[in-house]
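# Report on the structure
Residue strings, one per chain:
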Amino acid sequence: MRHQPRIVRIGPADVERVVALHSRCSAHTLWSRYHRAMGDPRSYLGALLSRPGSVHLAALGASGRLVAVGHLMPDDGNAEAALLVEDAWQNNGLGTGLLRHLGRYAARQGWEEIHGLILPGDDRVPAMLRRIAVPVRRVREEGATTVCVAVGDIVGRGDAEASGTPGNRVAQGAHEQPCH
């Protein structure tokens, strides 16, 4: 049985560790994260990890190796979230845990909403949002869906889970409005 990974903050000094994580991910996993073919991760991860105002978290396995990363990047008064979980560690709740931690950082920054882009057929993100059990707005546009979640709901839901409050409040997107 695996020990639950520890969530830590990372930055530009961790580029090589994040590159190593990318090298252990399948093309499908990388496509789900970036939505396009990407070249050498060293060519873009340095800029990503040093983007002003952004927050980057990683899940560390028992060996100290990064097994997942989550990014929260400022975007027009709110934040865009992006997650990458190593294939061997998927379906263990790491994405869900990272999103909850990112929600706490977003609340501290004063952002009201987190959004992210998912491609058709990506069942992982909707499943993760169902596990968090928060209202989700979905905006479908040109072959992709932007999902939007209020930061207060992510943070509040974590508190409700800690107190044992049941319930699944995921909205199925009856109101398709811009996320910002």
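Here is a short report on the structure shown in this document.

### As for unusual backbone geometry
- Phi is positive for A133, close to 60°, though the residue is something other than glycine.
- Here A133 lies in the loop between α5 (124-132) and β6 (137-141).
- Positioned with a positive phi, E142 is a non-glycine residue whose angle comes to about 40°.

### Digging into the packing of helix α1 (residues 15-23) against helix α3 (residues 42-49)
- Close contact between α1 and α3 brings their axes to 10 Å; oriented N to C, the two are set at 130°. The angle between α1 and α3 places the two elements in the oblique class. Our pair here, α1 against α3, has a crossing hand that is right-handed. Facing V15, E16, V18, V19 and H22 of α1, the residues of α3 in contact are R42, Y44, L45, G46 and L49.
- Looking at the contact of α1 with α3, its residues break down into six nonpolar, two polar and two charged.

### Here we look at the sheet that holds strand β7 (residues 144-150)
- With mixed pairing, seven strands are arranged side by side in an open sheet as β1-β2-β3-β4-β5-β7-β6. With one partner strand each, in any of the chains shown, β1 (6-9) and β6 form the two edges of the open sheet. The sheet shows a mean angle of 25° between the axes of neighbouring strands, direction not considered.
- Where β1 meets strand β2 (residues 55-60), four bridges bridge the pair, whose relative direction is antiparallel. Looking across to β2, one finds that R9 is bridged to L57.
- The sheet contacts of helix α2 (residues 27-34) involve β3 (66-75) and β4 (78-85), and relative to β4 the element is tilted by about 180°.

### What about helix α4 (residues 94-109)?
- Here α4 spans 22 Å end to end across 16 residues, near enough to the 22 Å set by a 1.5 Å rise per residue.
- Inspection of α4 places L94, G95, T96, G97, L98, L99, R100, L102, G103, Y105 and A106 among the buried residues, and these make up the whole buried set.

### Digging into the pairing of β7
- Taken across its seven residues, β7 has six buried, putting it largely inside the fold.
- With six bridges joining them, strand β5 (residues 113-118) and β7 adopt antiparallel strand pairing. The partner of L117 across the bridge, within β7, is T146.
- Bridge analysis of β6 against β7 gives five bridges, and the strand direction is antiparallel. Bridging across to β7, V139 finds its partner in T146.
- The loop that links β6 with its antiparallel partner β7 comprises two residues; one of these, E142, has a positive phi angle of about 40°.

### Let's talk about the side chain of R33
- Along the polypeptide, R33 turns up in helix α2.
- Salt bridges are absent for the buried R33, whose nearest opposite-charge side chain, E80, sits at 6.0 Å.
- The residues contacting R33, other than those within four sequence positions of it, are L48, H71, A82, L83 and L84.

### Describing the packing of α4 against α5
- Here α4 crosses α5 at 60°, and the two axes come no closer than 9 Å. In terms of orientation, α4 lies oblique with respect to α5. The interaxial crossing formed by α4 with α5 has right-handed handedness. Together, G95, T96, L99 and R100 of α4 and M128, L129, R131 and I132 of α5 make up the contact between the two elements.

Thresholds, definitions, all that
- Residues numbered from 1 in each chain as written.
- Predicted model: local features only at pLDDT ≥ 70, side-chain atom pairs only at ≥ 80, totals over all residues.
- Heavy atoms only, no water.
- Helix = DSSP H or I, 4+ residues; strand = E, 2+ residues; numbered from the N terminus.
- Axes fitted to C-alpha atoms, helices over the stretch in contact; angles between N-to-C directions.
- Parallel < 35°, antiparallel > 145°, perpendicular 65-115°, else oblique.
- Left-handed = near helix turned anticlockwise from the far one by under 90°.
- Contact = heavy atoms within 4.5 Å.
- Nonpolar A, V, L, I, M, F, W, Y, C, P; charged D, E, K, R; others polar.
- Pairing = 2+ DSSP bridges.
- Expected span 1.5 Å × (residues − 1).
- Buried < 20%, exposed > 50% of the residue type's maximum accessible area, 1.4 Å probe, protein only.
- Lys, Arg positive; Asp, Glu negative; His and termini not counted.
- Salt bridge = Lys/Arg side-chain N within 4 Å of Asp/Glu carboxyl O.

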